Amino acid sequence: MPLEIYKRGSVFWVKGWVEYNGRPIAGPYRQSTRATTEAGARDWINDETQLQVRKYLIGEEHSLRFADAVDFYHPSAKTAKQLLPILDEIGDMPLGAITGALLKSLGRKLKPNACTDTWWREIVTPARAVINNAHEHKGTPLLRVKRYDKFERIAQDQRRRKPSRIERIPATRDWIEAFCAAADPYNAAMVRFMFETAARIDQAVSIEPDDLRPATCEVRVKAQKGHPEGWITVSPQMMAELVALKPKRPKNLKTGQLLSPRVFGYGSPTGYNNRWKTICKHAGIPYLSAHPAGRHGFFTELVVRQGVDPVTAAKAGRWSDPNLPMRIYAHAETDEADVRARFRTNYAQPILTEKPKHKKTKKDQTNE
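The rules we used
- Residues numbered from 1 in each chain as written.
- Predicted model: local features only at pLDDT ≥ 70, side-chain atom pairs only at ≥ 80, totals over all residues.
- Heavy atoms only, no water.
- Helix = DSSP H or I, 4+ residues; strand = E, 2+ residues; numbered from the N terminus.
- Buried < 20%, exposed > 50% of the residue type's maximum accessible area, 1.4 Å probe, protein only.
- Contact = heavy atoms within 4.5 Å.
- Areas by Shrake-Rupley, 256 points an atom, 1.4 Å probe, with all protein chains shown as cover.
- Pairing = 2+ DSSP bridges.
- Core = buried A, V, L, I, M, F, W, Y, C linked by side-chain atoms within 4.5 Å.
- Salt bridge = Lys/Arg side-chain N within 4 Å of Asp/Glu carboxyl O.
- Axes fitted to C-alpha atoms, helices over the stretch in contact; angles between N-to-C directions.

*Asks:* Could you give an account of the overall build of the protein, naming the residues involved and the relevant values?
*Replies:* Within the protein, the secondary structure is distributed over 17 helices and six strands. By residue count, 37% of the 368 residues in the protein fall in the buried class. Within the protein, contacts between residues at least 6 apart in sequence are counted, and of these 52% link residues at least 24 apart. Summed over all atoms, the accessible surface of the protein reaches about 23,300 Å², with 51% contributed by carbon and sulfur.

Structure representation (structure tokens):
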């Protein structure tokens, strides 16, 4: 029998078969539509019928829509939130009809005041992940998307009248010392730890007392950005600072629940911001967030100031490809005016020119 609606509790259910030209093509169904109104249940039946008819006529891999692919994708809470406006725009489109150019064009419509990097991170990347997950499980077309080029990035920056990719200022040893002189022991130790190890802020604030091995001067850092959890070696002085800190139990600001003890006392990777701004103000130094103070400062210190080779520095900072930190985390520190002045500087020694050879005359030959 064709699909029929019945109510169980506050939710409408369906039972029966999906039919095409009087023949059952999918079912039997006995399941909830998740709709609390009859109209919503009928919309569910209409969508399910269209999907099953497409599968029957052209095959499952050609009939799946973006909304269907989202149903068997398991996003994080953050990714799910990013997918909601994308679903509203292209949810009914077959996966085979979605191109890279189409995904890139959604940025201007969904986030007109954002930069292309944000478009890529919050629109293209989650949508592409859904489509390629369907390719892996259902055999639908694989989608490759070319990144926004510099001309697209500059054009969007001009439209929104705001530059993107502002160069970060890495921390220096002097900045670190001035910060620590004005900071409490917890924040002083945390900034030194990130500057010495290139740890990310989320890794730093997650460190618990059991993550310390004082005997071998090792600290366990959580997995992040595709890198597994692991133990990193710190200097004896750094380990002494960490061991001297009395662990604190931070509070979850959303639930009010006390978290497990943390070495640096913070419960989230954003909790340090206001405190650091106050410290920088008292120290009379410009405010730097954790990333330029830590990872940017670490790589610039080793490669630019101390001359350590990039491969060694990248391995110490847990970058898998040394080209990435060289492109993003190494900051030149020579003043441009100084570079130009080199072209006007006199040579240290005068250039010696060879005297022309004296051609002997007949008189000279006679005298010889």
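Read on, since the account is not over.
*Asks:* With reference to specific residues and values, describe the sheet that holds strand 5 (residues 218-221).
*Replies:* Strand order in the open sheet made by the three strands is 4-5-6, with antiparallel pairing throughout. Each edge of the sheet is formed by a strand with only one pairing partner; in this case those strands are strand 4 (212-213) and strand 6 (230-233). Note: strand 5 against strand 6, four bridges, orientation antiparallel. Bridge pairing in strand 6 links valine 221 to glycine 230.

*Asks:* Residues and numbers for the nonpolar core, please.
*Replies:* By size, the foremost hydrophobic cluster in this structure holds 40 residues, and its most contacted members are Trp175, Phe179, Met190, Phe193, Val219, Phe264 and Trp276. Counting only elements with at least two residues in this core, the list comes to helix 8 (173-182), helix 9 (185-197), helix 10 (201-205), strand 5, helix 11 (236-244), helix 12 (273-283) and helix 13 (290-305). With eight residues, the single largest contributor to this core is helix 9. Not counting chain neighbours up to four residues away, the residues in contact with tryptophan 175 comprise Val191, Cys280, Ile285, Pro286, Leu288 and Ala293.

*Asks:* Residue-level account of the pattern of salt bridges, with values.
*Replies:* Considering all chains together, one arrives at 16 salt bridges under this definition. Close ionic contact of arginine 275 with aspartate 184 constitutes a salt bridge, the shortest N to O distance being 3.2 Å. With arginine 275 in helix 12 and aspartate 184 in the loop between helix 8 and helix 9, the pair connects residues that are 91 residues apart, well separated along the chain. Residue arginine 275 is classed as partly exposed on the basis of its relative accessible area of 32%. Between arginine 262 and glutamate 208 there is a salt bridge whose closest N-O contact spans 4.0 Å. Remark: glutamate 208 occurs in the loop between helix 10 and strand 4 and arginine 262 occurs in the loop between helix 11 and helix 12; sequence separation between them is 54 residues. Taking the relative accessible area as the measure of exposure, arginine 262 reaches 12% and is therefore buried. Three or more residues joined by partner-sharing salt bridges are found here, namely Arg65, Asp68 and Asp92.

*Asks:* Lay out the sheet that holds strand 2 (residues 11-20) in plain terms, naming residues and giving numbers.
*Replies:* What holds strands together in a sheet is hydrogen bonding between their backbones, with the strands either parallel or antiparallel. The three strands are arranged 1-2-3 in an open sheet whose pairing can be described as antiparallel. Either end of the sheet is taken by a strand with one partner, and the two such strands are strand 1 (4-8) and strand 3 (23-35). Across the sheet, the axes of successive neighbouring strands diverge by a mean angle of 15°, strand direction being ignored. With five bridges joining them, strand 1 and strand 2 adopt antiparallel strand pairing. If you follow lysine 7 over to strand 2, its bridge partner there is phenylalanine 12.

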